[in-house]
Amino acid sequence: MRGNIIALVAGVLFGLGLAVSQMTNPAKVLSFLDVAGAWDPSLAFVMGGAVLVMALSWPLQGRGRCASLVAGESRASLTDVDRPLVFGAALFGIGWGLVGYCPGPAVSALVLAGLEPLVFVLAMVAGMLVHDRLFQAKK
Amino acid sequence: MTEFTPLPALAGGVLIGLSGALMLLGMGRIAGVSGIIGSAIREPGAGAWRWCFLAGLMLGAAVYVMSAGAPVVVTIDASTATLVVGGLLVGIGTRMGGGCTSGHGVCGLSRLSLRSLVAVPVFMLSAGVVVFVVRHVPGVGG
């Protein structure tokens, strides 16, 4: 129960942060990615603020050691740079660049806009299921 | 085209960071949205906290809409076909690569995870290339 409440509060903070920073607006995200056009660097500030707070938090978790491990992780889950990592990141980037949504903002946008975020989220879930079906052995 | 909004961007980023910190210090979990969605759909019954987090994502945006006093702009230019293709690629890619903007970007970069230090430039670059091709290569975009 306690975990559920923590997760709910964390989700609210996350969704609020996405809305405040307008990351729920794909046009805003695409303007960041469009370096050759009328560039809007806002997304870098969002990432910067979030990374800063998290960088201060990691040492609290790991008794002073950075890059401590959380449940279900091994050292390799931080350092193991393999082909699926690079290929997967590249595929994710293509989808992100096509629409301007990554998973978090797409879920938040379900309550902000009409059908488009829903179509995107359903396709994303389908993609995840397809991946898990094809590469079940990995997990 | 959108306007550069450094202060709301930074404020929103800090909120997202606080969310990640709460998950980390309160639950020992990574606030990685693609991972949370992926696990939630694979084992819907296990880990109600995941559904709570996802509900919170929507609730947080709803709270903002109710308190903002001005309409929240969401401009989606993608066609339905593009939404489907993009969604599929984001779903497959984030599962294969083990994270998205929140997991690799926010959580991974902040702990200098080597995997994230590789993944983030890769997805930033591939996204940037796609946007460049769609917007600036004649005959490709609308």
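In case you missed it, the structure is sitting above this.
Counting from 1, residues in each chain are numbered in the order their sequence is written. Here chains are named by letter from A upward and ligands by number from 1 upward, in the order in which they appear as written. In view of the model being predicted, local features appear only for residues whose pLDDT reaches at least 70, and side-chain atom pairs are presented and counted only at 80 or more, with totals across whole chains, interfaces and linings using the full set of residues. Calculated side-chain values reflect all of the structure's heavy atoms, with hydrogen atoms and water omitted.

Concerning the overall build of chain A
Now for step 1: Looking only at helices and strands, chain A features 7 helices and 0 strands.
Now for step 2: Along the first, second and third principal axes, the C-alpha atoms of chain A reach 40 × 40 × 35 Å.
Now for step 3: Type-normalised accessible area, obtained with a 1.4 Å probe on protein chains alone, sets the label of each residue: buried when under 20%, exposed when over 50%, and partly exposed for intermediate values. Within chain A, the proportion of its 139 residues that are buried is 53%.
Now for step 4: Carbon and sulfur atoms make up 68% of the accessible area of chain A, which amounts to about 6100 Å² in all.
Now for step 5: The charge count treats Lys and Arg as positive and Asp and Glu as negative. His and the chain ends do not count. Charged groups are reduced to one reference atom each: NZ for lysine, CZ for arginine, CG for aspartic acid, CD for glutamic acid. Averaging the positions of the 9 positive and the 7 negative side-chain charges in chain A gives two centres separated by 13 Å. Runs of E in the DSSP output that reach at least two residues are strands. Runs of H or I that reach at least four are helices, and both are numbered from the N terminus. Per-residue accessibility takes into account occlusion by the displayed protein chains alone, with areas from the Shrake-Rupley method and a 1.4 Å probe.

What to know about the interface of chain A and chain B
Now for step 1: Listed as interface residues are 106 residues of chain A and, on the opposing side, 101 residues of chain B.
Now for step 2: The term buried area refers to how much accessible surface (probe radius 1.4 Å) is lost by two components on association, counted for both of them together. Across the interface of chain A and chain B, roughly 9100 Å² is buried in total on both sides, 78% from carbon and sulfur atoms.
Now for step 3: When the buried surface of chain A facing chain B is broken down by residue, F14(A), F92(A) and M128(A) rank first, second and third, together holding 7% of it.
Now for step 4: The residue R115(B) makes a salt bridge to D82(A) at a minimum N-O spacing of 3.5 Å.
Now for step 5: The term polar contact refers here to a pair of N or O atoms within 3.5 Å; inside protein, the definition further demands a hydrogen-donor-capable atom paired with an acceptor-capable atom, and it admits residues adjacent in sequence only when both atoms are side-chain atoms. Seen at the junction of chain A and chain B, the total is 25 residue pairs in polar contact (both at pLDDT 80 or more).
Now for step 6: Elements supplying a minimum of two residues to the side of chain A that touches chain B: α1 (2–20), α2 (26–33), α3 (42–61), α4 (76–79), α5 (83–99), α6 (103–108) and α7 (115–134) of chain A. We call two residues contacting when some pair of their heavy atoms lies within 4.5 Å. By salt bridge we mean one thing: a side-chain nitrogen of Lys or Arg within 4 Å of a carboxyl oxygen of Asp or Glu.

Notes on a nonpolar patch on the surface
Residue and element names in this part refer to chain B.
Now for step 1: Here a patch means residues that are over 30% exposed by relative accessible area and free of salt bridges, tied together within 9 Å if like-charged and within 5 Å if nonpolar (Val, Leu, Ile, Met, Phe, Trp, Tyr). A cluster of nonpolar residues, L125, V129, F132, V133, V134, V137 and V140, forms a patch on the protein surface that exposes about 550 Å² of accessible area.
Now for step 2: With respect to the helices and strands, V134 occurs in helix α6 (residues 114–136).
Now for step 3: We classify V134 as partly exposed; its relative accessible area is 37%.

Thoughts on α6(B)
Now for step 1: Its 23 residues place the ends of α6(B) 33 Å apart at the C-alpha level, agreeing with the 33 Å of an ideal helix rising 1.5 Å per residue.
Now for step 2: Packed against the buried residues of α6(B) are α2, α3, α4 and α5 of chain A together with α4 (80–97) and α5 (101–110) of chain B. By this rule the span expected of a helix is its residue count minus one, scaled by 1.5 Å.

A short note on the nonpolar core
Now for step 1: Here, nonpolar core refers to any group of buried Ala, Val, Leu, Ile, Met, Phe, Trp, Tyr and Cys residues whose side-chain atoms link them within 4.5 Å. By size, the foremost hydrophobic cluster in this structure holds 59 residues, and its most contacted members are L33(A), L43(A), W96(A), F120(A), F53(B) and L57(B).
Now for step 2: Looking at this core, the element that brings in the most residues is α6(B), giving 7 residues.
Now for step 3: In this structure L43(A) touches M23(A), V29(A), F32(A), W96(A) and M124(B), once residues within four positions along its chain are discounted.

Overview of the pattern of salt bridges
Now for step 1: What the rule picks out here adds up to 6 salt bridges over all chains.
Now for step 2: Between R42(B) and D132(A) there is a salt bridge, with the nearest N and O atoms lying 3.2 Å from each other. You can see R42(B) sitting in helix α2 (residues 33–42) and its partner D132(A) sitting in helix α7, one on each of two chains.
Now for step 3: For D132(A), a relative accessible area of 11% translates into the label buried.
Now for step 4: A salt bridge links R95(B) to D132(A); the nearest nitrogen and oxygen atoms lie 3.8 Å apart. Placement of the pair is R95(B) in helix α4 and D132(A) in helix α7, with the two residues belonging to separate chains. In this pair, the class of R95(B) matches that of D132(A), namely buried.
Now for step 5: In this structure, a network of salt bridges that share partners links the residues D132(A), R42(B) and R95(B).

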